[in-house]
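# Topology and contacts: notes
These are the residues of each chain, in order.
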Amino acid sequence: MDLPPLDPVIHQPTRLRILALLYRNRRAAFTWVRDALGLTDGNLGSHAAKLAEAAYIDQGRVLTTTGFQVWLRMTPKGDEAFRAYLDALKAYLEIESDPA
């Protein structure tokens, strides 16, 4: 049986957690994602940059009363890639072991 490949951009644990949050929430403040996942600014920034490079998320700045705030948003391509990743994972979970 041929199993589907797992997207290496998503398969990295921190990026998987970021996309899981954004899949559920669609968009979120950088600081909220950072705090929810217990990451540093630099760690989240580098993983967000990798996801943005793959066009899975967009990063933007919003002016608030306290200054600029960075937001992360899942793109349609990111949504599609995340769904494909979940489907691939399900294929691995559904495979039965060879009794031999």
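Check the entry above for the structure.
Residues numbered from 1 in each chain as written. Predicted model: local features only at pLDDT ≥ 70, side-chain atom pairs only at ≥ 80, totals over all residues. Heavy atoms only, no water.

To describe a pair of aromatic rings, you give the distance between the ring centres and the angle between the ring planes. Enumeration according to the criterion identifies one aromatic pair in this entry. Aromatic pair Tyr23 and Phe82: ring centres 4.9 Å apart, planes at 40°, arrangement tilted. Separated by 59 residues along the polypeptide, Tyr23 in helix α2 (residues 13-25) and Phe82 in helix α5 (residues 76-94) bring together distant segments of the chain. The partly exposed category is assigned to Tyr23, whose relative accessible area is 25%. (Phe/Tyr/Trp six-rings, centres within 6.5 Å; stacked < 30°, edge-to-face > 60°. Helix = DSSP H or I, 4+ residues; strand = E, 2+ residues; numbered from the N terminus. Buried < 20%, exposed > 50% of the residue type's maximum accessible area, 1.4 Å probe, protein only.)

A few words now on unusual backbone geometry. At Arg26, a position not held by glycine, the phi torsion is positive, near 70°. Structurally, Arg26 can be placed in the loop between α2 and β1 (27-29). With relative accessibility at 36%, the residue Arg26 sits in the partly exposed group. The backbone phi angle of Ala55 is positive, close to 65°, even though this residue is not glycine.

Looking now at the nonpolar core. Leu19, Val33, Tyr56 and Leu72 are the most contacted members of the largest nonpolar core, which has 22 residues in total. The leading source of residues in this core is α2, at four residues. Residues within four places of Leu72 in sequence aside, it is in contact with Leu22, Arg26, Arg27, Ala28, Phe30, Val33, Leu44, Ala48, Ile57, Asp58 and Gln59. (Core = buried A, V, L, I, M, F, W, Y, C linked by side-chain atoms within 4.5 Å. Contact = heavy atoms within 4.5 Å.)

Strand order across the open sheet formed by three strands is β1-β3-β2, with antiparallel pairing between neighbours. In this open sheet, the two edge strands, each paired with only one partner strand, are β1 and β2 (57-64). On average, adjacent strands in this sheet sit at an angle of 30° to one another, irrespective of strand direction. The strands touched by helix α4 (residues 41-53) within the sheet are β2 and β3 (67-74), with β2 carrying the most contacts at an inclination of about 125°. (Pairing = 2+ DSSP bridges. Axes fitted to C-alpha atoms, helices over the stretch in contact; angles between N-to-C directions.)

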